[in-house]
Amino acid sequence: MKTISLESAAAMIPDGASLMIGGFMGVGTPERMIDEIVRQRKGKLAIIANDTAIPGRGIGKLVAGGLLNKVVASHIGLNPETQQQMIAGKIAVDLVPQGTLIERIRAGGSGLGGILTPTGVGTVVEEGKRRIELDGKSYLLETALRADFALVHAFLADYAGNLSYALTARNFNPVIAMAADTVIVTADHIVPVGVIAPDHVVTPAAVVDYLVANR
Amino acid sequence: MDAQTIIAKRIARELRAGMLVNLGIGIPTLVANYVPAGVSVFFQSENGLIGTGPIPEDGMAHPTLTDAGGQPVSALPGASTFDSAMSFALIRGGHLDMTVLGGLQVDARGRLANWMIPGKMVPGMGGAMDLVTGAKRVIVAMQHTAKGKPKIVKECGLPLTSVRCVDLVVTELAVIGFADGRATLLETAPGVSVKQVVEATEAPLTKAAKIEEMRL
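Throughout, residues of each chain are indexed from 1 in the direction in which the sequence is written. Written order determines the labels here, with chains lettered from A and ligands numbered from 1. This being a predicted model, a pLDDT of at least 70 is required before a residue's local features are given, and a value of 80 or more before pairs of side-chain atoms are given or counted; all residues contribute to the totals for chains, interfaces and linings.

The next thing to look at is the overall build of chain B. Check the secondary structure of chain B and you find five helices and 15 strands. In terms of overall dimensions, chain B has C-alpha extents of about 50 × 40 × 30 Å along its principal axes. The burial label depends on the number of other C-beta atoms within 10 Å of a residue's C-beta. Counts of 20 or more mean buried, 12 or fewer mean exposed, and intermediate counts mean partly exposed, with C-beta atoms placed from the backbone. Buried residues in chain B amount to 45% of all 216 residues. In this description, a residue-residue contact is defined by the distance between C-beta atoms placed from the backbone, which must lie within 7 Å. Long-range contacts, defined here as pairs at least 24 residues apart, represent 63% of the contacts in chain B between residues at least 6 apart. Starting at the N terminus, helices and strands are each numbered in turn, a helix being any DSSP run of H or I of at least four residues and a strand any DSSP run of E of at least two.

As structure tokens, then:
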């Protein structure tokens, strides 16, 4: 784990990169990283996240900046700009049931090729996928997801990079922290090693590549 | 009493002590206002919380304590928080006793469409497909008709949320069950006749041996 400035962290991300971004309707989203990505005008990004928040918040800023050409999410309904860009053909949107999305990410971070889920069987979600019958039940084979970068936001990060999260700001964060080649973390508070008791570490430092320095 | 209140109050009577329950956005959210006295249930919010409480008073909201719409909530004593993989393991894994969801259409067998109108409304399914597929009991809270057109139809014209049939549909006119794969009229709202319900329903309705009046 290395500590890094906000500017250098965003500079590592090339145009066209795939990013997993934590947060649920902007809660638990690495807002400072998003602002810096917008400031550096990164383009043609593909993002994997639960949703695209609302205009002016979290991932909504990447949408408004025209920085995205692909979105994999479970819900875009509260951001009209995402829908407009989808209809205009600027962003390709892949809508995935939320439980399937998070489990595909979990598989990607766990060395699994995919998962079998009953969700989506017999619906439009099944199109183009393999249906597998097992013990009399039907499942869809849903493949694992990984990304070039995971942008994680924690409540506490210790100097070694161990992480814990706050309330409903946890959501996708600990799961995406396992599923990307490079894991970049921002945190509300950076604290000495030991402040987070071993029992309370949710994401072990071993999976964190960069911790962004606070100002 | 307005339509939404009738629906929410009737569904609240399905709550039992100790249940883990997930309420969708809209009318379903109102069910929490009518939990019967003495019945303690756990409400789950799929963004990672069991034990959601009322909307906090002005100035008491916390930015990291929110519902599935991103709006501030409170947490009751004994609440717990967890990540999204755990949240949907609870939903799909047989741990969620009941979910209450809004509906656009329900077909004669009880199959629900509630997540998109092609060409008009494509918000994404969020957690709806997992909830309908995975919850032990699925209750749909919706108005009986939309702009005068029946919402309980022979076949859903809109894309299905799941092929799993729902257990109960509660409207401002009636309670309809799907126990044996057929839409069955179980209860009518006070002052509503069986004929009125049948006329407002496109799907063929089987009539229960005894059709009760909805208790609110």
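Right, let's talk about the overall build of chain A for a bit. What chain A contains, in helices and strands, is six helices and twelve strands. Against the globule reference of 17 Å for 215 residues, chain A gives a C-alpha radius of gyration of 17 Å, in line with a compact fold. C-alpha atoms of chain A, sized along the principal axes, occupy 50 × 40 × 25 Å. Here chain A holds 215 residues, and the buried ones make up 53% of them. The contacts of chain A with a sequence gap of at least 6 include a subset with a gap of at least 24, amounting to 70%. When we talk radius of gyration, it's over C-alpha atoms, and the globule rule is simply 2.2 Å times the number of residues to the 0.38.

This brings us to the sheet that holds strand β8 (residues 137–143) of chain A. Residues and elements named next belong to chain A. Across the sheet, three strands lie side by side as β6-β8-β7; this open sheet has antiparallel pairing. Two strands bound the open sheet, and with one partner strand each, they are β6 (114–117) and β7 (131–134). Between one strand axis and the next, the sheet turns by 35° as a mean value, whatever way the strands run. Strand pairing requires that DSSP identify at least two bridges connecting the strands. As paired elements, β7 and β8 share four bridges and run antiparallel to each other. Bridge pairing links E133 to S138 in β8. Axis geometry follows a simple rule: fit a line to the C-alpha atoms, using only the stretch in contact for helices, then measure angles between N-to-C directions, giving values from 0 to 180 degrees. Helix α5 (residues 98–109) rests against β6 and β8 of the sheet, and its axis sits at about 145° to β6.

In this section: the sheet that holds strand β15 (residues 206–213) of chain B. Residue and element names in this part refer to chain B. With mixed pairing, ten strands are arranged side by side in an open sheet as β4-β3-β2-β1-β5-β8-β12-β13-β14-β15. A strand with exactly one partner marks an edge of an open sheet, and here the two such strands are β4 (74–81) and β15. Here the strands of the sheet are splayed against their neighbours by 25° on average, with no regard to which way each runs. Strand direction decides the pairing type here: strand β3 (residues 49–53) and β4, joined by four bridges, are antiparallel. Note that in β4 the partner of G53 across the bridge is S74.

Moving on, we come to the nonpolar core. Residue and element names in this part refer to chain A. To form a nonpolar core, buried Ala, Val, Leu, Ile, Met, Phe, Trp, Tyr and Cys residues must be joined through C-beta atoms within 7 Å. Of all hydrophobic cores here, the largest spans 115 residues; its most connected members are M20, A150 and V185. The greatest single-element share of this core, amounting to seven residues, is contributed by strand β9 (residues 147–158). The contacts of V185, once residues within four sequence positions are left out, are V152, A154, A157, L163, V208, Y210, L211 and V212.

A few words now on the confidence of the model for chain B. The predictor attaches a confidence to each residue, and that confidence, scored 0 to 100, is pLDDT. Across chain B, the average pLDDT comes to 96, with 100% of residues at or above 70. Our summary of model confidence lists the complex with pTM equal to 0.97 and ipTM equal to 0.97.

All names here are of chain B. Of the two faces of strand β8 (residues 138–141), both are covered, the one formed by V138 and V140 as well as the one formed by I139 and A141. Pairing geometry for strand β5 (residues 98–101) and β8, over three bridges, is parallel. Following the sheet pairing, T99 is matched in β8 by V138. Inspection of the sheet shows β8 paired to strand β12 (residues 168–170) by three bridges, in the parallel sense. Paired with A141 across the strands is V170, a residue of β12.

A few words now on the packing of α5(A) against helix α3 (residues 84–92) of chain B. Where α5(A) contacts α3(B), the axes come no closer than 9 Å and their chain directions differ by 125°. One finds that α5(A) runs oblique with respect to α3(B). Judged by the twist between their axes, the crossing of α5(A) over α3(B) is left-handed. From α5(A), Q98(A), G99(A), I102(A), E103(A) and R106(A) reach across to α3(B), where they touch S84(B), A85(B), F88(B), I91(B) and R92(B). When residues are grouped by polarity, Ala, Val, Leu, Ile, Met, Phe, Trp, Tyr, Cys and Pro land in nonpolar, Asp, Glu, Lys and Arg in charged, and all others, Gly among them, in polar. In terms of residue class, the contact of α5(A) with α3(B) is made up of four nonpolar, three polar and three charged. An angle below 35 degrees is treated as roughly parallel, one above 145 as roughly antiparallel, one from 65 to 115 as roughly perpendicular, and anything else as oblique. Left-handed describes a crossing whose near helix is turned anticlockwise from the far helix through less than a right angle; right-handed describes the clockwise counterpart.

The next thing to look at is the interface of chain A and chain B. Where the parts come together, the accessible area they lose is often given as the size of the interface. Between chain A and chain B, the contact holds 36 residues from the first and 32 residues from the second. Contributions of two or more residues to the side of chain A that touches chain B are made by α5 and α6 (173–176) of chain A. For the side of chain A that touches chain B, the leading source of residues is α5(A), giving five residues. Grouping the constituent residues of the side of chain A that touches chain B by class yields 18 nonpolar, 15 polar and three charged.

This part takes up helix α2 (residues 31–39) of chain A. Since the α-helix turns once every 3.6 residues, residues separated by three or four places project in the same direction. Residue and element names in this part refer to chain A. Taken together, the buried positions of α2 are M33, I34, E36 and I37. Angularly, the buried residues of α2 cover 165° about the axis, an arc narrow enough to put them on a single face. The secondary structure elements touched by the buried residues of α2 are α1 (6–11), α3 (59–64), β9, β11 (180–191) and β12 (210–212). Positive backbone phi, approximately 55°, marks R41, located one or two places after α2. What the arc covers is the set of directions going from the helix axis to the C-beta atoms.

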